[in-house]
Amino acid sequence: MEEQSSQLTARPRRGVYLLPNLLTTGAMFCGFYAVVAAMQGKFEAAAVAVFIAMILDGLDGRVARMTNTQSEFGAQYDSLADLISFGVAPGLVMYQWALVHLQAYGAAWGKAGWLVAFIYVACAALRLARFNTQIGKVDKRFFVGLPSPAAAALVVGMVWVFHDLEVLGRNVQMPALFLTFAAGLLMVSNISFYGFKDFDLRNRVPFVAVLVIVLLFALTTIDPPKVLFGVFLLYALSGPLLWAWRRYRKLQRRKKGVE
């Protein structure tokens, strides 16, 4: 009896942690709602839903670490939810808003519209798969490729900004096509983007940093679409600009070495 009771005690507990997976489910729900809203022509609501999914996606990992409820199931579930919220949802929102109207230029352009939307979704899936396989193998301070939430913010941010300006998607088809394609390629590129993972809220920061944060919150409150889109556009450009600067410095050092 004692052996049987000890064996029963030693068996691992089955089940999943509720709180972090609940937040992940909320993020996935927002992504699904964004698709439904876009199909109904509610593009502002779709964009807001994706940004809410970003907040929930950022919280689930932190909550899991704070409560010591990390699990392999949670990590895989989070990736699947990210594919819906930051891959499928932004791609379909952009397609419904602007890319679908490319068919007015002919069948070839119509195919180009949905193919670019698919390329974005496929790149998001590849980005997430590569991230999962590179955990523990790369510098934690940087992401290899544009993170999928930032790419999603770039795509739906454009939709939100122009919708707020009362500009129809059919009038900015080419910029929308280029932005969606560029966001997809940046996700699967080898360009490094700062990850902010070494940023600790418990550490001391300069007083100016607090003022910048307050100013950013104030600007976001005044005009959320433009501020959020501008922030993520600058973040998306930071990777290629930093890569170009490093290449330039490397070439300069080679020239000095030859001289």
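What counts, and at which threshold
Residues numbered from 1 in each chain as written. Predicted model: local features only at pLDDT ≥ 70, side-chain atom pairs only at ≥ 80, totals over all residues. Heavy atoms only, no water. Axes fitted to C-alpha atoms, helices over the stretch in contact; angles between N-to-C directions. Helix = DSSP H or I, 4+ residues; strand = E, 2+ residues; numbered from the N terminus. Parallel < 35°, antiparallel > 145°, perpendicular 65-115°, else oblique. Left-handed = near helix turned anticlockwise from the far one by under 90°. Contact = heavy atoms within 4.5 Å. Nonpolar A, V, L, I, M, F, W, Y, C, P; charged D, E, K, R; others polar. Buried < 20%, exposed > 50% of the residue type's maximum accessible area, 1.4 Å probe, protein only. Expected span 1.5 Å × (residues − 1). Core = buried A, V, L, I, M, F, W, Y, C linked by side-chain atoms within 4.5 Å.

Direction vectors running N to C along helix 4 (residues 72–97) and helix 5 (residues 107–133) enclose 160°, while the axes themselves pass 9 Å from each other. With respect to helix 5, the element helix 4 is oriented roughly antiparallel. Regarding helix 4 and helix 5, the two cross each other, and that crossing is right-handed. Contact residues: Gln-76, Ser-79, Asp-82, Leu-83, Phe-86, Gly-87, Val-88, Pro-90, Gly-91 and Tyr-95 in helix 4; Gly-113, Trp-114, Ala-117, Tyr-120, Val-121, Ala-124, Ala-125, Leu-128 and Asn-132 in helix 5. For the contact of helix 4 with helix 5, the residue count by class is 12 nonpolar, 6 polar and 1 charged.

Here the focus is the side chain of Asp-57. As for its placement among the helices and strands, Asp-57 is situated in helix 3 (residues 43–66). The residues touching Asp-57, leaving out its near neighbours within four places in the chain, are Ala-27, Asp-78, Asp-82, Phe-86 and Pro-149.

Within the secondary structure, Ser-85 sits in helix 4. Exposure remark for Ser-85: the relative accessible area of 1% places this residue in the buried category. What Ser-85 contacts, discounting residues up to four positions off in sequence, is Ala-27, Met-28, Gly-31, Val-50, Ala-53 and Pro-90.

Once that is clear, we can look at helix 3. Given a rise of 1.5 Å per residue, 24 residues ought to cover 34 Å, and the 35 Å separating the end C-alpha atoms of helix 3 matches this to within 8%. Where helix 3 terminates, the next one or two residues include Asn-68, which has phi positive at roughly 55°.

Let us now look at the nonpolar core. Residues Met-94, Trp-97, Leu-99, Tyr-120 and Leu-146 are the most contacted members of the largest nonpolar core, which totals 59 residues. Listing elements by their share of this core, those giving two or more residues are helix 2 (18–39), helix 3, helix 4, helix 5, helix 6 (148–164), helix 7 (173–188) and helix 9 (224–258). Looking at this core, the element that brings in the most residues is helix 6, giving 11 residues. If near-sequence neighbours (up to four positions away) are discounted, Leu-146 is found in contact with Arg-127, Ala-151, Ala-183, Leu-186, Met-187, Phe-193, Tyr-235 and Ala-236.

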